[in-house]
Every structure is written in C-alpha cells, then in structure tokens.
Amino acid sequence: MTFAIPVVLLVVFFLITALKVLNEYERGVIFRLGRVINAKGPGLIILIPVVDRMTRVSLRIMTLDVPNQDVITRDNVSIKVNAVVYFRVTDPIKAILEVEDFMFATSQLAQTTLRSVCGGVELDEILSQREKVNSEIQEILDTHTDPWGIKVSTVELKYIDLPQEMQRAMAKQAEAERERRAKVINAQGEFQAADKLSEAAEIISAHPEALQLRYLQTLREMSAEGKSSTIIPLPLDLLKMLAPNNGRGEAMDKKDQESD
C-alpha cells in the first residue's frame, strides 16, 4: 500500500504534464531538448515530461490596429492616417523560429509601411484611390512577412485626418465645382429650349393656323385658373396690321398742320 501511493502520484503527474488538448484552430510547436521536432494538433497530444516543451500558435485571422501615423504626402500636406491589418499564421514553425514576437514585428512593419506608402503619393490619390493604396501596403507587408510564415490578407485605411485649412480649401473647391456644373446644366437647358423653340417656329410659320390654336389654348388655360381678371394678349399679326395705319395717320396730320 505504501508503494502504490507514489506510483499513483507519478501517474497523475505524468497525465497532467504529458497530455495536452489543442483546439481546432491551434497548433503546438514541440521543442524536444531545445530542438523543434514537429507542429502537432489539433486534438489530444502526448508530451514527454521535462523533455518536451510546447508553444501554442493560433491559426485564426488576427486583427491588428495600426495607430495614427503622422505623414507628409508627396504634395507636402501633413495628415494623420491609421489602418487595420488582417493576417494569419500559415506556418507555425516559422512564426516561432524566424521572429521573436510575430505580432509585435508585424505591427511595427505595418506602421513603417503605412508611412512610407502614404508619403509617396499625393493627397488626392489617397482620398480617391484608397483601394490602390490598400493593395500596395498589403503587397509590401505580405512580401516581408512571408519568411515569418504569416499571410497578410487585407489592409484597410480607416481614417484620414486632414488639417482644418485643407478641409476648408477642399470645401471651397467642391462648392465651386458644383456651381460650375449647375451653370453648365443651365446653359445646356437653355440651348435645348432654344433649339426646340426654333423648330416650333418653323412649324408655325409653315402652318399659321397653329398659332391661332395655340392662342386659344392659352386663353383656355388662363380662364381655367379661376382668376377674377384675365389678360388677353394681342396677336403680333394684329399689331403689324395696325402699324401702317398709324404711320399713314401721322403723315396726314403733319400735312394738315403744314397747310394751316
């Protein structure tokens, strides 16, 4: 009985130290006497106590928040930019052996790459071609982290902080652009209206009866509004008919005055 107690304690100690359970998204890098033998998992694995040592590595996609970086663009505009990086470990052994802390190393590399890429382009390109800038940063990060067994899947610029002076200048530029578009649209509308009016004048000149029909239609529309007074426009033809009479009458009055 006295001999059985130490044996039971040894067995319990062996089970506690030797049996490890890894989740589906985890891998265990096994060091045996300081040398890497393999990356095991998921599931139940057995380690040799005292001899083996295991380092857990997650294979899930990790999110890295890149803090605000002070950047001077190629057109000498000072801005603050931050981003988010999505990456995952593809080779657990390289992630442990090639770099001391792959999370910290990826974070520092992302900050320097963000500053260098944004500093090499103009402000308009950062604002209007953000996908291009994201792709360039992602490609550089993926190239540098590939020897570490890390795959950078996505990089997204989250926020671009512009100086107040630049925001006011951009607002004025946008307002001027909207006014220019409004004037162009107004001019195009006037041109189209003049074109249609000229076509209508040609049709009416070929068919004078159309002018009389349009005149009656205008009177009908004005009377349908229910106003107490109605303005009746005089046709231009009537004024032309009266113009010669007025001129002849004035000439006769001048002759009478001269005879007197």
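Here, every reference points to the structure presented above.
Predicted model only: the values in this text are computed from it and were never measured. (Residues numbered from 1 in each chain as written. Predicted model: local features only at pLDDT ≥ 70, side-chain atom pairs only at ≥ 80, totals over all residues. Heavy atoms only, no water.)

Chemist: Tell me what's going on with a nonpolar patch on the surface, and back it up with residues and numbers.
Modeler: Residues Val7, Val11, Phe14, Leu15, Leu19, Val21, Leu44 and Ile46 make up a contiguous nonpolar surface patch of roughly 690 Å² in combined accessible area. Those elements giving two or more residues to the nonpolar patch turn out to be helix 1 (4–18), strand 1 (19–22) and strand 4 (43–46). Residue contributions to the nonpolar patch peak at four residues, all from helix 1. You can call Leu44 exposed: its relative accessible area is 59%. (Patch = residues over 30% accessible without salt bridge, like charges linked within 9 Å, V, L, I, M, F, W, Y side chains within 5 Å. Areas by Shrake-Rupley, 256 points an atom, 1.4 Å probe, with all protein chains shown as cover. Salt bridge = Lys/Arg side-chain N within 4 Å of Asp/Glu carboxyl O. Helix = DSSP H or I, 4+ residues; strand = E, 2+ residues; numbered from the N terminus. Buried < 20%, exposed > 50% of the residue type's maximum accessible area, 1.4 Å probe, protein only.)

Chemist: I'd like to hear about the side chain of Ser58, residue by residue, with values.
Modeler: For Ser58, the location among the structural elements is in strand 5 (residues 52–58). At 3.4 Å, the side chain of Ser58 forms a polar contact with the backbone nitrogen of Arg60. (Polar contact = N/O pair within 3.5 Å; in protein donor to acceptor, adjacent residues only side chain to side chain.)

Chemist: Account for the nonpolar core, with residues named and values stated.
Modeler: Membership of the largest hydrophobic core comes to 37 residues, with the highest contact counts inside it found for Ile79 and Val85. Contributing elements (two or more residues each) for this core: strand 2 (26–32), strand 6 (62–72), strand 7 (78–89), helix 3 (102–119), helix 4 (123–128), helix 5 (130–145) and strand 8 (150–161). When residues of this core are assigned to their parent elements, the largest contribution, seven residues, is made by helix 3. When residues of this core are sorted by domain, at least three fall in each of domain 1 (13–58) and domain 2 (61–166). With residues up to four places along the chain from it excluded, the contact list for Ile79 reads Gln69, Asp70, Val71, Thr73, Leu123, Ile126, Ile160, Asp161, Leu162 and Pro163. Grouped together as the second largest cluster of nonpolar side chains are five residues, Leu22, Ile45, Leu47 and Met54 included. (Core = buried A, V, L, I, M, F, W, Y, C linked by side-chain atoms within 4.5 Å. Domains from an automatic or database assignment. Contact = heavy atoms within 4.5 Å.)

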